[in-house]
Amino acid sequence: MVLSSDGLALTNYHVVDGSSEVEVTVSDTGETYRATVVGRDATHDVAVLQLQDAADLETISVDAAGVETGESVAAIGNGSGQGYLTAVSGNVTAVDQSISAASLGDTEDLTGLIETDADVVPGYSGGPLVDGDGQVVGMSTAASTGQTSEQVNGYAVGITEALGIADQILAGTESDTVQVGSSGALGVTITDAAAAAQQEYADPRSRGSREGGTDSATSGALVVEVAPGSAAESAGLVAGDTVTVLDGTAVADSSELSDQVSALDPGDSVSLVWTDADGAEHTANLDLGESTVN
């Protein structure tokens, strides 16, 4: 959704999560722009984009009064990635709803959502939920699973909440959930140490399987690859190491380490504890690099 004529736009964070480049096509002109992620709030699934070299764009009209149960609404989006926008209509079935939403293997607990019986499908994420006057009342963010129209409900972040987060991002005010600009980066590709240990144990060719056990760590983030010139390389990490502690907080798995690092900024100093393939423990202080993914 376009917020300003010079190309500020609003979407769900899960739409751009993990991307290295973003392109935005404006539906009414067909014009495509490169875009940067100005900031995001993963907890509330909100992100603000800036379209490059954009001008004179049409902007959304907002109804800040919100909606009530029973009100007619329509969700607009690129349903199933079809390449053009369609609208699915329905009614508000509940407000202030809480759900657990899964995307790309991650699960987020979302609260304060508008629930509708509109047939929202993947591709509507980040699009507007509009009232009978065509004014935006929410931003579609999730849908329940189901095979029939009666089984599927759509869920939207209230537009007032989404715009409040956008204002905080544009003001440059970070918080426990709001991140402005690029995230920090260690410069490693990681996987779960426990899963890797289990795979090694199950492999009949592995020493651990033959001896009825494994020396691999059962918690932490296993380093698969270290980027040349990265903060991790400068600290001495190599493939096969297992990160166990970041800034005094134990690291349970790769997702936890990613979340901890992505909440930090480039240049932030952190302490790191890891074990090498022989089980020896190492510690280092390092300055985070800049993430190349959103």
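Residues numbered from 1 in each chain as written. Predicted model: local features only at pLDDT ≥ 70, side-chain atom pairs only at ≥ 80, totals over all residues. Heavy atoms only, no water.

## Things to note about a negative patch on the surface
Where like charges cluster on the molecular surface, the negative patch consists of Asp106, Glu108, Asp109, Glu256 and Asp259. Ranked by residues supplied to the negative patch, first place goes to strand β7 (residues 106-116) with three residues. Note on placement: Asp259 falls in helix α6 (residues 254-262). (Patch = residues over 30% accessible without salt bridge, like charges linked within 9 Å, V, L, I, M, F, W, Y side chains within 5 Å. Areas by Shrake-Rupley, 256 points an atom, 1.4 Å probe, with all protein chains shown as cover. Salt bridge = Lys/Arg side-chain N within 4 Å of Asp/Glu carboxyl O. Lys, Arg positive; Asp, Glu negative; His and termini not counted. Charge placed at Lys NZ, Arg CZ, Asp CG, Glu CD. Helix = DSSP H or I, 4+ residues; strand = E, 2+ residues; numbered from the N terminus.)

## Quick look at the environment of Ala47
Along the polypeptide, Ala47 turns up in strand β4 (residues 46-51). Judged by relative accessible area, Ala47 falls into the buried class, the value being 0%. Counting along the chain gives 33 residues from Ala47 to His14, while the straight-line C-alpha distance between them is 8.5 Å. Setting aside residues up to four positions removed in sequence, Ala47 forms contacts with Ala9, Leu10, Thr11, Asn12, Tyr13, Val16, Gly39 and Arg40. (Buried < 20%, exposed > 50% of the residue type's maximum accessible area, 1.4 Å probe, protein only. Contact = heavy atoms within 4.5 Å.)

## Concerning the nonpolar core
If you look at the biggest cluster of nonpolar residues, it comprises 22 residues, and the most contacted ones within it are Leu10, Ile99 and Ala162. Elements supplying a minimum of two residues to this core: β1 (8-11), β4, β6 (86-103), β7, β9 (136-143), β10 (154-158) and α2 (159-170). The greatest single-element share of this core, amounting to five residues, is contributed by α2. For Ile99, the residues in contact, after removing those within four places along its chain, are Glu108, Asp109, Leu110, Leu113, Ala142 and Tyr155. Counting residues in hydrophobic clusters, the runner-up holds 18 residues, among them Ala231, Leu272, Trp274 and Ala284. (Core = buried A, V, L, I, M, F, W, Y, C linked by side-chain atoms within 4.5 Å.)

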